[in-house]
Amino acid sequence: MNIRPDYRHAYPVLAMLIALVTVGLTVRYLLVPETFGEYGYYRAAAMDDEKAIQPRHVGRAACLECHDDIAAIHAKDVHSSVECETCHGIGDKHVKDSSSPMSPADTREDCLVCHRQMDSRPGSFPQVDLEKHYKFVGVKDPSIACVKCHSGHEPLYLSKDLHSARLHPLIQQCNSCHIGRTDETLKKPDMHPKIFQCDYCHADLAKSFAKGSHAKVSCTACHLFIKDNAFSGRIVRNTNPKFCLLCHQKSAFKETAGKDNAAPPVIDWPAHITDVSADTPDPKRPCVECHQDQIHALYTKEAHHAM
Amino acid sequence: MPCNDISRRTVIKQIAVGATGTLLLSLFPRLSFGNGESSGKTKNAAGKRPLYAYAVDTSRCIGCCACMRGCRAENDVPKDRYRTWVERYRVLSNGEVQVDVAANDQFVFQDPPPADITKAFFVPKLCNHCEKSVCSQVCPIGASYETPEGVVLVDTKRCVGCGYCVQACPYGCRFIHPETHMASKCTLCYHRITRGLLPACVQSCPKGARMFGDLHDPLSHLSIFMKQRRYRVLKPEMGTKPKCYYVDLDIEVI
C-alpha cells in the first residue's frame, strides 16, 4: 500500500518561516543603508558625502592670478616657502568676491607667531628676542609693528633669488679635499676645518671685520646661510640697499646714534643717494660700493688661496 | 507517520548538496563588490589605487601652529577641539619631561616657567590613519571606516555618538563634536586630496615639516622622502600599523 506522505502539519511552520524571513529581509532592507558593504563594513556613499565638502584654502596659484606682482617678489625671498594663506587667512570668499577682505597680517603678533624666541624652536630658525632686537637697531617705540621695517613678502630684501644662490663650496664638495688625501689628518676629526665657523677659513676677512664698525653683527646676517638639507646650504650675499636700510634708515621710532648709545647710525633715504650722486641717483646702487671699507676688506681669490 | 520513500541516503545527499551550494555561493564575490562610483576607484599616475600616507619631519617644526589654524579654518573644527595639534616637549636637566599644547584660541604657546632645559622640541600630531585602525574595528554600526585609499573617516550620517572609537584610539585623535554629538576626527582633508590638493595642514606649514603623499606612486614626494630618511611610528606596540611616519622622533615621544 502506497501511503502519500501528509505534510499538512508542516504548513504552519513553513508559513511562519516565510513570514519571519520576509520580515527579516524587510527590516534589513530598511535598516541597512544603500551602498553599505560595497568596499567593506561601511556605507560607500559616505565617501562621496565627505568629498562633496568644498575646499576653503585656495592655494598660491589662485592668489597669483591677480597678485602676480607680489608673488614675484615673494618667490625670491626667504618667505617663499610660506603660503599666502598661512599669514592672510583662507581665501575662498576673497576669490569669489574681491571686496571680501583678507587679513592684512601686519600686526607684531602675526610675525611673532613664528619668530618669537623660544627654546624649543630649531636653532637655525630666525627668532627674535624683542628687547635685544630693539636695543640692537635702536628702536625707541616698543609698540612698533615689524612690517614698518620688514616687508612680509620680502623680509630680507635679498638682492638675488634665493634659489639661484650658490652652494657654499666647502659644504657642497667634501670630495674636493677628501679624494687623494692620504695624510694622517684625514683620520683626525679634530683637525677637520670648522666649516660652520666662518673665521676658520676666512681669517683675513674676519680680522679686518673685527676692526670695522659692524663687528657686533654676525657674518651670516649679511651672508645669509640657507640650509637646503642636512648636508648642504646656500650662501646669499645681500647687497640690496633696502637690506642695509633695515638698520640704517632714519625713522621717527628709531634712535639717532649719539655718543652714549650704541644704535646704528641712520641716514635719510632716498635723500642720501641724491646727495652723494646727484647726476645719476640710482636707488638700487649697493651701499657697499662706497661703504665697503667700513665693513671688511674686500674678498680676493688671491688672499683666500694664500691662506 | 512513517515516510518510507525518503531514505536516509537521500537526506544526507540533499544536505550535502545544499551545504556545498551555500558554501560556493558565499565564496562567490558579490556582484556589486568594488563596483561603486568614483570613490575608491581613483587611480594615481602609476595606474594604481592610491594609498595616502603622511610624514612629519619634527626637526623642521617651529611650533607656529599654522597647521592648527589652517585645519580649523578648513574643517570648521569646534572651539577647544583639535583634529591636529602641536606638542611642545621640554626635557629638563633633572630628567623630567614637560609636555604642553597651545590650547588657546590664538594657538600660541604660553611662556613656560623658566627651567634648566637639556633639550626642547615640537612634535606635530594628527590622526595616524592606521592600517589596522582600532577605532573602525570597535564601531558597532560601521560608521567609522577606512576608505580603499587608506584614509580613516567617520560617516556623519550614521554615527550615533556612542564614543567607543574615542575611547579606543590609542593616540587620542578623536573627539565628540559638541554640536552634532558625533565622533569627529582628521579626515586627511579627504575633500581636498581627492581633488588633487594638499591637506590644509600640509599647505599651511611654512617650513615643510608636514608631508603628504601617495605610497603607491613611487615618484611621489612622500615615497621619495621615505626612501631617503629613517622614520618610525608612534606606539608601534599597539599593532595599529600607523601611516603617519615621523622623522627625528625622540624617545620621550614614543
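Scroll up to find the structure.
What you see is a predicted model; the values in this text were computed from it and never measured.

**Details of the overall build of chain B**
Then, number 1: Counting its secondary structure elements, chain B contains seven helices and 11 strands.
Then, number 2: Expressed as a percentage of contacts within chain B between residues at least 6 apart in sequence, the contacts between residues at least 24 apart total 60%.
Then, number 3: Working note: accessible area of chain B is about 12900 Å², and carbon and sulfur atoms make up 56% of it.

**Re the side chain of Thr187(B)**
Then, number 1: Structurally, Thr187(B) is set in the loop between β8 (183–184) and α5 (190–193).
Then, number 2: In contact with Thr187(B), not counting residues within four places along its chain, are Glu50(A), Arg83(B), His129(B), Val151(B) and Leu153(B).

**What to know about the nonpolar core**
Then, number 1: Core analysis: the largest hydrophobic core is formed by 47 residues, its most contacted members being Tyr54(B), Met68(B), Val86(B), Leu126(B), Leu188(B) and Tyr246(B).
Then, number 2: Elements supplying a minimum of two residues to this core: α2 (45–51) of chain A together with β1 (52–57), α2 (66–75), β2 (84–92), β4 (117–126), α5, α6 (200–204) and β11 (244–247) of chain B.
Then, number 3: The residues contacting Leu188(B), other than those within four sequence positions of it, are Tyr52(B), Tyr54(B), Leu126(B), His129(B), Val151(B), Ile193(B), Pro199(B) and Phe212(B).

**Considerations on the sheet that holds strand β3 (residues 233–237) of chain A**
Residues and elements named next belong to chain A.
Then, number 1: Within the open sheet, the three strands sit side by side as β1-β3-β2. Their pairing is antiparallel. The open sheet has two edge strands with one neighbour each: β1 (166–167) and β2 (223–227).
Then, number 2: The pairing of β1 with β3 spans two bridges and is antiparallel. The partner of Arg166 across the bridge, within β3, is Ile235.

**Quick word on a nonpolar patch on the surface**
Then, number 1: Taken together, Tyr7(A), Tyr11(A), Ile6(B), Val11(B) and Ile15(B) make up a surface patch of nonpolar side chains, about 510 Å² in accessible area.
Then, number 2: Inspection of the secondary structure puts Tyr7(A) in the segment before α1 (11–31).
Then, number 3: Residue Tyr7(A) is classed as partly exposed on the basis of its relative accessible area, which comes to 45%.

**Some thoughts on the pattern of salt bridges**
Then, number 1: Applying the stated criterion across every chain yields a total of 20 salt bridges over all chains.
Then, number 2: Lys157(B) serves as the salt-bridge partner of Asp49(A), at 3.2 Å between the closest nitrogen and oxygen. Taken together, the positions of Asp49(A) in helix α2 and Lys157(B) in the loop between β6 (152–154) and α4 (164–168) put the pair across two chains.
Then, number 3: Using a relative accessible area of 25% as the deciding quantity, one classes Asp49(A) as partly exposed.
Then, number 4: When the shortest N-O distance is used, the salt bridge between Asp57(B) and Arg60(B) registers 3.7 Å.
Then, number 5: Take Arg60(B): its relative accessible area is 34%, and that puts it in the partly exposed class.

Parameters at a glance
Think of each chain on its own: its residues are numbered from 1, step by step along the sequence as written. Chains and ligands are labelled by the order in which they are written, letters from A for the one and numbers from 1 for the other. Side-chain atom pairs in this predicted model are given and counted only at pLDDT of 80 or more, local residue features only at pLDDT of at least 70, and totals for whole chains, interfaces and linings cover all residues. Calculated side-chain values reflect all of the structure's heavy atoms, with hydrogen atoms and water omitted. A run of DSSP states H or I qualifies as a helix once it reaches four residues; a run of E qualifies as a strand once it reaches two. Both are numbered from the N-terminal end. Only heavy atoms matter for contacts: two residues are in contact if any of them lie within 4.5 Å across the pair. All accessible-area figures derive from a Shrake-Rupley calculation using a 1.4 Å probe, and residue coverage is judged against the displayed protein chains alone. Take the buried residues of types Ala, Val, Leu, Ile, Met, Phe, Trp, Tyr and Cys, join any two whose side-chain atoms come within 4.5 Å, and each joined set is a nonpolar core. Here the term buried applies to any residue with accessible area under 20% of the maximum for its type, exposed to any over 50%, and partly exposed to those in between, with areas from a 1.4 Å probe on protein chains only. Each pair of strands is called paired provided DSSP finds at least two bridges between the two strands. Residues with no salt bridge and a relative accessible area higher than 30% make up the patches, which join like charges within 9 Å and nonpolar side chains (Val, Leu, Ile, Met, Phe, Trp, Tyr) within 5 Å. We define a salt bridge as a side-chain nitrogen of Lys or Arg found within 4 Å of a carboxyl oxygen belonging to Asp or Glu.

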